[in-house]
Structure formats: C-alpha cells, structure tokens
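So you can see what is in the structure, the chains are spelled out below.
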Amino acid sequence: MASADKLINTYVPEKDVFALHFLQSLSNLRTQNPLNSPDKSIDRVRKIKKAAYVSMARAAGGTSRLWSRALLRRAAKDDNKSVRFSRRKRKVTWKISSKRKRSNQRAPVVEEAAERLRNLVPGGGGMETSKLMEETAHYIKCLSMQVKVMQCLVDGLSPK
C-alpha cells in the first residue's frame, strides 16, 4: 500500500486527446480502405480495435506507462515494425526468498490474484505487486475513458 506521503499517480489523459487520436486513426483507416472495398468485416473490426488501443496508449503519454509501451509494441509487432524505446532507469527492488516461511497465510492467495492481473494488464508480466496495482488502476481508468468516448461517438452518429 502507498504511504500517505507517497501519492500514486493515476492521472488519466483527457478525453479530447484520446478522441483526437482515435478519430485521426479512423480517418486514416477509411482512406486506406474505403467503405465500399471488399475488406472483410472481421479484419475491419480488428483494425478499429487496434486503432482504439493505440490511441489510448498514445493519449496516456505513449511510453510513460508500462501497459502503454506494451500496447504500442504489440501494435508495431502486428505491423512487422520494430520499436525501441529509450531505456529508463529502473528502481532496484529485492524479492523475498520463497524459501523463507511466510507468517501470513493469505500471501499465496494475493500472489494468485496478482498473477491473474499480470495476465490481464498489457506488459504486466514482470511487475512487482505494488507497481502492478498502480498500472492496473491507471489502465482501468483509461479503459473507462475509452468506453465513454466511444459511447459519445456512437450517440452522436446514430440517427435520432
């Protein structure tokens, strides 16, 4: 848990930044594949989904979060491009030896839940639990913002 003097940064990017990136991506998608092209609908859905995730990662600051770097790296991999991000200084942490007896019986349950989270959050595979919780909180806020923006787009474009 975070102490009172150390605040967890869970800043969520503004909706308009995400909306701008997403609309630009959709516009590029439309010029590349016009609506009357024989592009398969499943492929089109996949491209729209990718545009939404990349836009969300870019709006979150691009490489400032581990999950956003993982999404951008995955998108570049899908496009057969290699992406290299500048190396950041990593905080050195010490892991408690698993050979030690744990006094807390709930620790295996917490680790099991953390492992499930690591599988859900992009780039969560090697995170320690406290960093994982911080990244998860930010990722959930960004996903919530993404849903709200997309709902506004649907509401604005649907006939009344």
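Per chain, residues are indexed from 1 in the order of the written sequence. Thresholds applied to this predicted model are a pLDDT of at least 70 for local features of residues and 80 or more for the giving and counting of side-chain atom pairs; totals over whole chains, interfaces and linings are not thresholded and use all residues. Values reported for side chains reflect all heavy atoms of the structure, with hydrogen atoms and water molecules removed beforehand.

### Quick look at the overall build of the chain
Here is the rule we go by: Numbering of helices and strands starts at the N terminus; helices are DSSP runs of H or I of at least 4 residues and strands are runs of E of at least 2. Relative accessibility thresholds used throughout: buried, under 20% of the residue-type maximum; exposed, over 50%; partly exposed, between the two (1.4 Å probe, protein chains only). Any two residues whose heavy atoms approach within 4.5 Å are treated as being in contact. Note on areas: these come from Shrake-Rupley sampling with a 1.4 Å probe, and a residue is covered only by the protein chains present in the view.
The secondary structure content of the chain amounts to five helices and zero strands. For the chain, the sequential pattern of α-helices and β-strands runs α-α-α-α-α. Scored against the burial criterion, the 160 residues of the chain give a buried share of 28%. Taking as baseline every contact in the chain between residues at least 6 positions apart, the subset at least 24 positions apart corresponds to 60%. Of the roughly 12400 Å² of accessible surface on the chain, a fraction of 55% belongs to carbon and sulfur atoms.

### Points about the pattern of salt bridges
Heads up, the rule is: Throughout this description, the term salt bridge denotes a Lys or Arg side-chain nitrogen within 4 Å of a carboxyl oxygen of Asp or Glu.
Enumeration over the complete set of coordinates arrives at seven salt bridges. The salt bridge partner of Lys47 is Asp43, with a shortest N-O separation of 3.5 Å. With Lys47 and Asp43 both in helix H2 (residues 41-59) and four residues apart, this pair spans about one turn of that helix. Two residues, Glu112 and Arg116, come together in a salt bridge whose shortest N-O distance is 3.6 Å.

### A look at the side chain of Glu135
Keep this limit in mind: N or O atoms closer than or at 3.5 Å make up a polar contact, with two conditions inside protein: a donor-capable atom paired with an acceptor-capable one, and, for residues adjacent in sequence, both atoms drawn from side chains.
Structurally, Glu135 can be placed in helix H5 (residues 129-157). Looking at Glu135, its side chain comes within polar contact range of the side chain of Arg65, at 3.5 Å. Contact partners of Glu135, with chain neighbours within four places excluded, come to Arg65, Leu66, Trp67 and Met127.

### Re helix H3 (residues 66-78)
How we decide: Residue count minus one, scaled by 1.5 Å, sets the expected span of a helix.
In a regular helix each residue adds 1.5 Å, so 13 residues correspond to 18 Å; H3 covers 18 Å between its end C-alpha atoms and thus fits that length. Among the residues of H3, Trp67, Ser68, Arg69, Ala70, Leu71, Leu72, Ala75 and Ala76 are the ones counted as buried. Those residues of H3 hidden inside the fold are in contact with H2 and H5. Looking one or two residues beyond H3, the residue adopting positive phi is Asn80, at roughly 60°.

### Considerations on the packing of H2 against H5
Filter applied, for reference: All axes are obtained by fitting lines to C-alpha atoms, using only the stretch in contact for helices, and the reported angles, taken between N-to-C directions, cover 0 to 180 degrees. To sort the angles, those under 35 degrees are grouped as roughly parallel, those over 145 as roughly antiparallel, those from 65 to 115 as roughly perpendicular, and the leftovers as oblique. If you view the pair so one helix is near and one far, a crossing is left-handed when the near helix is turned anticlockwise from the far one by less than a right angle, and right-handed when it is turned clockwise. Residue classes follow a fixed rule: Ala, Val, Leu, Ile, Met, Phe, Trp, Tyr, Cys and Pro count as nonpolar, while Asp, Glu, Lys and Arg count as charged, and any other residue, Gly among them, counts as polar.
Following both chains from N to C, one finds H2 and H5 inclined at 125°, their axes separated by 11 Å at the closest point. Judged by the inter-axis angle, H2 sits oblique to H5. At the point where H2 passes H5, the crossing takes the right-handed sense. Contacts between H2 and H5 pair Ala52, Tyr53 and Met56 from the former with Tyr139, Cys142, Leu143, Gln146 and Met150 from the latter. Looking at the contact of H2 with H5 residue by residue, the class counts come to seven nonpolar, one polar and no charged.

### Structural notes on the environment of Ala57
Mapping Ala57 onto the fold places it in helix H2. Residue classification places Ala57 among the buried positions, given a relative accessible area of 0%. The residues contacting Ala57, other than those within four sequence positions of it, are Gly62, Trp67, Ser68, Leu71 and Leu72.

### Details of the nonpolar core
Quick reminder of the rule: By nonpolar core we mean a set of buried residues, namely Ala, Val, Leu, Ile, Met, Phe, Trp, Tyr and Cys, connected to one another through side-chain atoms within 4.5 Å.
With 19 residues, the main nonpolar core has Phe18, Met56, Trp67, Leu71 and Tyr139 as its most contacted residues. Elements represented by at least two residues in this core include exactly helix H1 (15-32), H2, H3 and H5. It is H2 that provides the largest number of residues to this core, a total of six residues. Beyond its immediate chain neighbours, meaning those up to four positions away, Trp67 contacts Met56, Ala57, Ala60, Val121, Pro122, Glu135, His138, Tyr139 and Cys142.

### Observations regarding the packing of H1 against H5
It is at 10 Å that the axes of H1 and H5 come closest, and there the two elements cross at 65°. The interaxial crossing formed by H1 with H5 has right-handed handedness. Between H1 and H5, the residues in contact are Lys15, Phe18, Ala19, Phe22 and Leu23 and Met145, Gln146, Lys148, Val149, Met150 and Leu153, respectively. Broken down by class, the residue content of the contact of H1 with H5 amounts to eight nonpolar, one polar and two charged.

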